[in-house]
Amino acid sequence: MTKVWVIIGGGISTYVFLDSFLEKVPKGHRVVHIKGQDMAPSCSLNSTAVCCLQGTQKGVSPLGDLLVESYTLASSFFEKEHPEGVVKGKQYNQCEPDGKNSVIEYERRFKSVDDLKALGPFKNPLTPQKGKVWDAYFIDPAVYLKWFSKRVKKKAKDRGINYLEFYDFVTDITYDPDEGIILETHSEAFFKADQLILATGAYSKLMKGFLPGQYEQLEKAKVVSGSYLVFENTGSDFKYEESFCIAYKGHNFIYQHWNKCFLIGGTTDSNDEGALKAPQVVKLKEMYDVGKTELKLPLPPFEKGKRHVGLRQKGIKRMPFWGPLGKEKDNIYGILSLYKNGYTFSFKAARDLCSKLL
């Protein structure tokens, strides 16, 4: 008997899951992928998209353990598959005079600090010139997701799986004892699913009203918006052949060498209803001023920066979630609350969830 899986979502967690899942789905079965960027834009496409472990180690906290394992899986994939839209570079974490990012605290956490006479291509104007330099991956979200989309479609075709990519927005989910899970979309299309996977990011809380029960992971998670600035065509001021990030005072100053863009971000703003997408201009200006006056970066005028906002879901105690949303017999699963680590958490989520579904 043919089995049908439906996954809802258009971000990186969806594509990483599908890439793993399609390796295991038996030939002849059906996978339906529903996404609607117009009505529910993915945070993956509204992100500064830097993957850096920043010295996080195992054995300190459950969240830290997940971060390390997820980053290891992601970096292994990047190095093996060489996906389009992913490049390697450096992140320069500059120490602050005091607080949790002081030289003393860095020495306590990391055993040593690096001399930072330069921050990327720029002379370091700060005192002390101390911090840490980490390996990092810089991602062009649109290119990376397009690469994954082609890869997923080819994999489904090669393995003889009935794969449908449908552009729409789910407006209702019901359960029928005979038919299973029934989904209705904005365009009045209907789909039947034996198992449903929600990879719906910040829009997950909107889905709870459609589901047959109230689930803790949807009830208690928070929607958080993040604003960031993008300066395009900065090639004359940033003549550098590698991408880099300067992290200072909780702000990231990012250069993407492939398109000569410079990004500043990002804010963390409570947005529990998921409706506010206005950029936090005052906070962005404060970040800009730190880069301009303290780091002495040759930034274009603030007004030339394009303001972007992405909506993310923050889980209970910042923990991500993947697994059954209610009872296993409900056959409704989620990949939720990846928050600021969607580009790495998605790999562990895919591996763990695939083992539950198949």
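Structure: above.
Owing to the predicted nature of the structure, the values given are computational and were not obtained by experimental measurement.

## Quick word on the overall build of the protein
Now for step 1: A tally of helices and strands in the protein yields 8 helices and 21 strands.
Now for step 2: Here the C-alpha radius of gyration of the protein, 21 Å, is about what a compact globule of 358 residues would show, namely 21 Å.
Now for step 3: Evaluated residue by residue, the protein yields a buried proportion of 53% over its 358 residues.
Now for step 4: Excluding contacts between residues fewer than 6 apart, the proportion of contacts in the protein whose partners are at least 24 apart in sequence is 70%.
Now for step 5: Per element, the accessible surface of the protein, about 16800 Å² overall, is 50% carbon and sulfur.

## Some thoughts on the pattern of salt bridges
Now for step 1: Applying the stated rule across the entire model yields 20 salt bridges.
Now for step 2: Between Lys154 and Asp158 there is a salt bridge; the shortest N-O distance is 2.7 Å. Of the two residues, Lys154 and Asp158 both sit in helix 4 (residues 141–158), 4 residues apart, roughly one turn of that helix.
Now for step 3: Of the charged contacts in the structure, one is a salt bridge between Lys283 and Asp269, with a shortest N-O distance of 2.6 Å. Of this pair, Lys283 sits in helix 7 (residues 281–294) while Asp269 sits in strand 18 (residues 269–270), and the two are 14 residues apart along the sequence.
Now for step 4: Residue Asp269 is classed as buried on the basis of its relative accessible area, which comes to 6%.
Now for step 5: Residues joined by salt bridges that share partners form a network here, namely Asp19, Glu23, Glu81, Arg151 and Lys155.

## Regarding the packing of helix 1 (residues 12–21) against helix 4
Now for step 1: The interhelical angle for the contact between helix 1 and helix 4, taken along N-to-C directions, is 30°, at an axis separation of 10 Å. The orientation of helix 1 with respect to helix 4, classified from their angle, is roughly parallel. Crossing of helix 1 over helix 4 shows left-handed handedness. Contacts between helix 1 and helix 4 involve Ile12, Tyr15, Val16, Leu18 and Asp19 from the former and Tyr144, Leu145, Phe148, Ser149, Arg151, Val152 and Lys155 from the latter.
Now for step 2: Considered class by class, the residues forming the contact of helix 1 with helix 4 number 8 nonpolar, 1 polar and 3 charged.

## Re the sheet that holds strand 11 (residues 180–185)
Now for step 1: In spatial order, the strands read 10-11-12; together these 3 strands make up an open sheet with antiparallel pairing. Looking along the sheet, the strands with just one partner apiece sit at the ends: strand 10 (170–176) and strand 12 (190–193). Neighbouring strand axes in the sheet, compared pairwise and without regard to direction, differ in orientation by 25° on average.
Now for step 2: Alignment of strand 11 against strand 12, held across 4 bridges, turns out to be antiparallel. Across the sheet, Ile181 pairs through a bridge with Ala193, a residue of strand 12.

## Notes on the pairing of strand 12
Now for step 1: Along strand 12, the buried face is formed by Phe191 and Ala193; none of Phe190 and Lys192, which line the opposite face, is buried.
Now for step 2: Between strand 11 and strand 12, which follow one another and run antiparallel, lie 4 residues, and Glu188 among them has a positive phi close to 65°.

## A short note on the sheet that holds strand 20 (residues 321–324)
Now for step 1: With respect to topology, 6 strands assemble into an open sheet ordered 9-2-1-13-21-20, the strand pairing being mixed. Strands with a single pairing partner mark the edges of an open sheet, and in this sheet they are strand 9 (162–167) and strand 20. Direction aside, the axes of adjacent strands within the sheet are offset by 15° on average.
Now for step 2: Sheet topology places strand 1 (residues 4–8) next to strand 2 (residues 30–35); 5 bridges connect them, and they run parallel.

## Here's the deal with the environment of Phe238
Now for step 1: Looking at the secondary structure, you find Phe238 in the loop between strand 14 (222–231) and strand 15 (244–248).
Now for step 2: Exposure remark for Phe238: the relative accessible area of 1% places this residue in the buried category.
Now for step 3: For Phe238 and Lys260, which are 22 residues apart along the polypeptide, the C-alpha to C-alpha distance reads 7.4 Å.
Now for step 4: If near-sequence neighbours (up to four positions away) are discounted, Phe238 is found in contact with Phe122, Tyr255, Phe262, Pro298 and Leu299.

## Points about the packing of helix 2 (residues 62–81) against helix 4
Now for step 1: Relative orientation of the contacting elements helix 2 and helix 4 amounts to 75°, with a least axis distance of 15 Å. As the angle between them shows, helix 2 and helix 4 are arranged roughly perpendicular. Across the interface between the two elements, Phe77, Phe78 and Glu81 from helix 2 touch Tyr144, Trp147, Phe148 and Arg151 from helix 4.
Now for step 2: The class makeup of the residues in the contact of helix 2 with helix 4 is 5 nonpolar, no polar and 2 charged.

## Looking at the packing of aromatic side chains
When we look at a pair of aromatic rings, we describe it by the centre distance and by the angle of the planes.
Now for step 1: Applying the stated criterion across every chain yields a total of 22 aromatic pairs.
Now for step 2: The interplanar angle of 10° and the centroid separation of 6.5 Å between the aromatic rings of Tyr144 and Trp147 together place this pair among those described as stacked. Note that Tyr144 and Trp147 are positioned in helix 4 at a spacing of 3 residues, about one turn of the helix.
Now for step 3: When its relative accessible area of 14% is taken as the criterion, Trp147 is described as buried.
Now for step 4: Each residue in the set Tyr71, Phe77, Phe78, Tyr137, Tyr144, Trp147, Phe148, Tyr343 and Phe347 is aromatic and connected to the rest through ring pairs, giving one cluster.
Now for step 5: Just above the ring of Phe302 sits the side chain of Lys285; from NZ or CZ to the centre is 5.9 Å.

## Focus on the side chain of Glu165
Now for step 1: By secondary structure assignment, the location of Glu165 is in strand 9.
Now for step 2: With relative accessibility at 15%, the residue Glu165 sits in the buried group.
Now for step 3: At 3.5 Å, the side chain of Glu165 forms a polar contact with the side chain of Tyr15.
Now for step 4: A distance of 3.1 Å separates the side chain of Glu165 from the side chain of Lys153, its partner in a polar contact.
Now for step 5: Apart from the residues within four sequence positions on either side, Glu165 is in contact with Tyr15, His33, Lys35, Ser149 and Lys153.

Cut-off values and rules
- Residues numbered from 1 in each chain as written.
- Predicted model: local features only at pLDDT ≥ 70, side-chain atom pairs only at ≥ 80, totals over all residues.
- Heavy atoms only, no water.
- Helix = DSSP H or I, 4+ residues; strand = E, 2+ residues; numbered from the N terminus.
- Rg over C-alpha atoms; globule rule 2.2 N^0.38 Å.
- Buried < 20%, exposed > 50% of the residue type's maximum accessible area, 1.4 Å probe, protein only.
- Contact = heavy atoms within 4.5 Å.
- Areas by Shrake-Rupley, 256 points an atom, 1.4 Å probe, with all protein chains shown as cover.
- Salt bridge = Lys/Arg side-chain N within 4 Å of Asp/Glu carboxyl O.
- Axes fitted to C-alpha atoms, helices over the stretch in contact; angles between N-to-C directions.
- Parallel < 35°, antiparallel > 145°, perpendicular 65-115°, else oblique.
- Left-handed = near helix turned anticlockwise from the far one by under 90°.
- Nonpolar A, V, L, I, M, F, W, Y, C, P; charged D, E, K, R; others polar.
- Pairing = 2+ DSSP bridges.
- Phe/Tyr/Trp six-rings, centres within 6.5 Å; stacked < 30°, edge-to-face > 60°.
- Lys NZ or Arg CZ within 6 Å of the ring centre and 35° of its normal.
- Polar contact = N/O pair within 3.5 Å; in protein donor to acceptor, adjacent residues only side chain to side chain.

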